[in-house]
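# Overview (structure and organization)
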Amino acid sequence: MAPPQGSRAPLEFGGPLGAAALMLLLPVTMFHLLLVARSGPARLLGPPPYLPGLEELWSPWALLLCLTWLGLQAALYLLPARKVAEGQELKDKSRLRYPINGFQALVLTALLVGLGVSAGLPLSALPEMLLPLAFAATLIAFIFSLLLYLKALLAPASALAPGGNSGNLIYDFFLGRELNPRICSFDFKYFCELRPGLIGWVLINLALLIQEAELRGSPSLAMWLVNGFQLLYVGDALWYEEAVLTTMDIIHDGFGFMLAFGDLAWVPFTYSLQAQFLLYHPQPLGWPLASFICLINAVGYYIFRGANSQKNTFRKNPSDPRVADLETISTATGRRLLVSGWWGMVRHPNYLGDLIMALAWSLPCGVFHLLPYFYFLYFTALLVHREDRDERQCRQKYGLAWHEYCRRVPYRIVPYVY
Ligand SMILES: NC(=O)C1=CN([C@@H]2O[C@H](COP(=O)(O)OP(=O)(O)OC[C@H]3O[C@@H](n4cnc5c(N)ncnc54)[C@H](OP(=O)(O)O)[C@@H]3O)[C@@H](O)[C@H]2O)C=CC1
Ligand SMILES: CC(C)CCC[C@@H](C)[C@H]1CC=C2C3=C(CC[C@@]21C)[C@@]1(C)CC[C@H](O)C(C)(C)[C@@H]1CC3
């Protein structure tokens with residue numbers, strides 16, 4: 001058994017108490033949102049319309065559906081990939097290999113769903129099953145995290161994540177002990193981060209759109225916008241799948257309850273909140289306002305994609321002509337930091353773009369309810385906290401060079417504001 005590693009790493013998320021609170025609070029929030037979205041007043045801060053009993057939450061069919069979905073996505077992951085990418089260098093100087101076939105999985109899923117619907121698959125029944133599906137996904141995430149925790153007991157010390165190995169069971173279970181848990185070449189964290197949850201999210205959105213069409217004759221413009229924006233976001237994530245290999249989740253965080261629940265339950269069932277809200281609370285939206293919202297989403301996407309691509313291109317090959325002219329500062333590690341282009345504007349331009357898109361996803365739901373703005377509010381908190389975590393890691397990694405970067409680029413996410 002590997003001894004606990006990284007016990008000197010500072011505890012995050014409020015330590016074991018914070019981790020325990022989040023493990024309770026996150027599923028409770030998810031069920032609250034699911035219940036409130038379909039209630040008349042749709043009050044984010046009010047009590048839920050009722051407390052569902054176990055008979056409403058538990059359904060063996062929902063569990064079977066979730067497991068079938070995971071099995072399908074796993075099978076698509078194992079199909080031959082157009083490319084195999086190498087991850088960042090690990091502690092033991094090795095690099096893991098990852099299949100790049102996420103977009104292919106999205107297209108094949110769309111084809112399969114299309115075939116299923118034309119053969120009579122009742123996709124519009126999905127919105128009625130959201131509660132038991134979310135319950136099944138939570139159960140799966142919990143059991144899966146337990147298995148990951150046990151698997152990590154057998155892992156060599158070099159395979160453990162820098163955090164998540166404090167020796168405290170609750171904290172380590174939440175954060176995740178092993179950095180890249182795998183069976184043969186099947187990488188659980190990489191698989192979960194991009195496939196079942198993200199593709200599940202757009203499938204739930206589509207089911208809500210179809211149900212709205214059945215209820216009201218055609219989907220509303222607001223529903224089209226929310227579906228279109230979020231499909232663009234998911235399609236983009238899978239098209240640029242390789243870029244996920246340089247995110248904090250893959251490089252730094254272990255795979256535990258936080259990411260397992262986040263990927264498998266939180267993303268599909270809470271990120272589809274705007275479409276859920278619109279099904280039960282139709283909102284009038286004219287073309288002029290819709291065009292303005294599209295413009296906001298386009299600006300957000302332009303910044304998000306531009307910043308993420310610039311950093312990935314630079315990290316892959318700093319002499320690439322697209323980034324070779326950008327100004328940089330050297331660090332003692334040998335890696336350089338961009339100080340011009342997107343990364344010279346603020347220290348996290350990709351977060352700024354992502355937040356602008358988050359706002360555009362809520363605006364089609366009108367301004368009279370706070371509920372559809374939940375994603376924007378949660379995401380602001382998540383990114384501010386994430387920025388703080390990343391900042392600490394970069395300060396430790398780059399020392400004086402990071403201080404120089406902060407001096408040259410003083411704002412974190414929003415120019416002249418934060
Ligand atoms: N929709 C959602 O729920 C979520 C979306 N996201 C999105 O995921 C994306 C990735 O986010 P995340 O992994 O947090 O962070 P980033 O992709 O911003 O990665 C941060 C890393 O980038 C490198 N870096 C920082 N500054 C510079 C610079 N000036 N020049 C070169 N490299 C630099 C550092 O790593 P190094 O130097 O080691 O390369 C740093 O640790 C973002 O677009 C974010 O918005 C994130 C969380 C949730
Ligand atoms: C709910 C908990 C407090 C935290 C759970 C966080 C997770 C839901 C997110 C952590 C990082 C994520 C990323 C994406 C989705 C949400 C989670 C898993 C991402 C895949 C979304 C699409 C983007 O284009 C991306 C850059 C690939 C994202 C990577 C990070």
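Counting starts from 1 at the beginning of each chain's written sequence and moves along it residue by residue. Chains and ligands are labelled sequentially in the order written, the chains with letters from A and the ligands with numbers from 1. For this predicted model, a pLDDT threshold of at least 70 governs which residues receive local features, and a threshold of 80 or more governs which side-chain atom pairs are given and counted, while totals over whole chains, interfaces and linings are taken from all residues. With hydrogens and water excluded, all non-hydrogen atoms of the structure serve as input to the side-chain values.

For the protein, the name recorded in an unreviewed UniProt entry is Delta(14)-sterol reductase TM7SF2, with Bos indicus as its organism. Turning to the protein, the UniProt record has this under Pathway (unreviewed entry): "Steroid biosynthesis; cholesterol biosynthesis." UniProt positions are given in the numbering used here, feature names are shortened, and annotations may be inferred rather than shown by experiment.

## Quick look at the site of ligand 2
We call a residue near a molecule or strand as soon as one heavy atom of that residue lies within 4 Å of the molecule or strand. Taken together, 13 residues lie around ligand 2, and Glu193, Ala237, Asp249, Asp263 and Phe304 are the ones closest in. Per-residue and other accessible areas were derived by the Shrake-Rupley procedure at a 1.4 Å probe size, with only the shown protein chains allowed to occlude residues. Protein burial of ligand 2: of its 630 Å² of free accessible surface, 87% is covered by the chains. Only α7 (188–194), α9 (221–239) and α11 (257–270) provide two or more residues apiece to the shell around ligand 2. Per-element tally for the shell around ligand 2: the top contributor is α11, with four residues. Runs of E in the DSSP output that reach at least two residues are strands. Runs of H or I that reach at least four are helices, and both are numbered from the N terminus.

## Examining the pattern of salt bridges
Salt bridges are identified by distance alone: a Lys or Arg side-chain nitrogen within 4 Å of an Asp or Glu carboxyl oxygen. Inspection of every chain in the model, using the stated rule, returns 19 salt bridges. Residues arginine 389 and glutamate 12 are paired through a salt bridge, measuring 2.8 Å at the closest nitrogen-oxygen approach. Of this pair, arginine 389 sits in helix α15 (residues 374–398) while glutamate 12 sits in the segment before α1 (15–37); the two residues are 377 residues apart in sequence, bridging distant segments of the chain. Burial classes follow relative accessibility: with a 1.4 Å probe on protein chains only, a residue under 20% of its type's maximum area counts as buried, one over 50% as exposed, and anything between as partly exposed. On the accessibility criterion, arginine 389 (3% relative accessible area) is buried. The exposure class of glutamate 12 is buried, given its relative accessible area of 9%. Put simply, arginine 408 and glutamate 404 hold a salt bridge, and the shortest N to O gap is 3.9 Å. Of this pair, arginine 408 and glutamate 404 both sit in helix α16 (residues 400–408), four residues apart, which is roughly one turn of that helix. On the basis of relative accessible area, glutamate 404 is assigned to the partly exposed category, the value being 27%.

## What to know about the nonpolar core
In this description, a nonpolar core means a group of buried Ala, Val, Leu, Ile, Met, Phe, Trp, Tyr and Cys residues linked to one another through side-chain atoms lying within 4.5 Å. Membership of the largest hydrophobic core comes to 110 residues, with the highest contact counts inside it found for Met30, Phe269 and Leu371. If you tally residues by element for this core, the top one is helix α5 (residues 130–153), at 11 residues. The source of the domain bounds is an automatic or database domain assignment. Residue-level mapping places this core at the junction of two domains, with at least three residues from each of domain 1 (22–45 + 54–87 + 97–282) and domain 2 (287–417). Excluding anything up to four places from it in sequence, leucine 371 contacts Leu33, Val36, Ala37, Ala42, Leu44, Leu273 and Phe277. Here, two residues are considered to be in contact whenever any of their heavy atoms come within 4.5 Å of each other.

## Remarks on α11
Its 14 residues give α11 an end-to-end C-alpha distance of only 17 Å, which falls more than 12% under 20 Å, the value for a rise of 1.5 Å per residue. Note on bend: the value at a residue is the angle between axes fitted to the seven residues ending there and to the seven starting there. The principal kink in α11, of about 40°, is found at aspartate 263. Here α11 lies mainly inside the structure; 14 of its 14 residues are buried. What a helix should span is 1.5 Å times the count of its residues minus one.

## A closer look at empty space enclosed by the protein
Residues are called lining when one of their atoms sits within 4 Å of a cavity or pocket point, these points coming from a 1 Å grid over the protein atoms alone, where a cavity is a set in which a 1.4 Å probe fits but cannot get out and a pocket is an open set with protein on both sides within 12 Å along at least five of seven lines. Grid points are joined across faces, edges and corners, and a volume is the space filled by probe spheres set on the points. The full count for this structure, using the stated rule, is three cavities of 30 Å³ or more. Of the voids in this model, the largest cavity is the one considered here, and its volume is about 40 Å³. In terms of lining residues, the largest cavity is bounded by Ser145, Leu148, Tyr149, Ala152, Asp172, Phe173, Gly176, Arg177, Glu178, Phe255 and Gly256. Breaking the lining of the largest cavity down by element, the ones donating at least two residues are α5 and α6 (169–175).

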